[in-house]
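Structural overview for review
The primary structure of each chain is shown beneath.
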Amino acid sequence: QGQLVESGGGLVQPGGSLRLSCVASGSIFSTYTMGWYRQAPGKQRDMVARLFTGGYTNYVDSVKGRFTISRDNAKNTVYLQMNSLKPDDTAVYYCNAHRTVGWSANDYWGQGTQVTVSS
């Protein structure tokens, strides 16, 4: 069974940087698309960045050029490096592991980590 554990959130000033980490159980890390989502108060949960098993990445337009998703296979860890942070980036960030096989889809979620960008 999959398990995701996030860390790295916190309070940062506008223009600052944070790096989020998500440790995944080995049974899912190598075969699932890994992603980061975020949910601001009163809003839906939206995709921020995804890293597919073949290495392809995609990002929501608002973070392109500022955020980078990457993985360390030896540590079963996916990262989200966030630079030039803005107040609009404030949200709870969730790690996600997703796989679709035929008609079946599996999703695992972390517990979420709060990111607050404020002066």
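Check the entry above for the structure.
Residues numbered from 1 in each chain as written. Predicted model: local features only at pLDDT ≥ 70, side-chain atom pairs only at ≥ 80, totals over all residues. Heavy atoms only, no water.

1. Here we look at the layout of surface pockets
Considering only enclosed or pocket space, the largest pocket measures out at about 230 Å³ in volume. In terms of lining, the largest pocket is formed by Arg-38, Ala-40, Lys-43, Gln-44, Asp-46, Met-47, Val-60, Ser-62, Asp-88, Asp-89, Thr-90 and Ala-91. Residue composition of the lining of the largest pocket, grouped by class: four nonpolar, three polar and five charged. (1 Å grid on protein atoms, 1.4 Å probe; cavity = no way out; pocket = protein on both sides within 12 Å on 5 of 7 lines; lining within 4 Å. Points joined across faces, edges and corners; volume = space filled by probe spheres on them. Nonpolar A, V, L, I, M, F, W, Y, C, P; charged D, E, K, R; others polar.)

2. A closer look at the state of the cysteines
One pass over the structure, following the stated rule, counts one disulfide. Between the sulfur of Cys-22 and that of Cys-95 lies a disulfide, 2.1 Å long from S to S. Note on the Cys-22 and Cys-95 pair: the S-S dihedral is about -80°, so by sign convention the disulfide is left-handed. Taken as a pair, Cys-22 in strand β3 (residues 18–24) and Cys-95 in strand β9 (residues 91–101) lie far apart in primary sequence, 73 residues in all. Exposure remark for Cys-22: the relative accessible area of 0% places this residue in the buried category. (Disulfide = S-S within 2.5 Å. Helix = DSSP H or I, 4+ residues; strand = E, 2+ residues; numbered from the N terminus. Buried < 20%, exposed > 50% of the residue type's maximum accessible area, 1.4 Å probe, protein only.)

3. Points about the sheet that holds strand β8 (residues 77–82)
Pairing in this open sheet of four strands is antiparallel, and the strands run β1-β3-β8-β7 from one edge to the other. In the strand order of this sheet, the two ends are held by β1 (4–7) and β7 (67–72), each with one partner. In this sheet, neighbouring strand axes are inclined to one another by 15° on average, regardless of whether the strands run parallel or antiparallel. Bridge count for β3 against β8 is six bridges, and the pairing is antiparallel. When the bridges of β8 are listed, Ser-21 appears paired with Tyr-79. (Pairing = 2+ DSSP bridges. Axes fitted to C-alpha atoms, helices over the stretch in contact; angles between N-to-C directions.)

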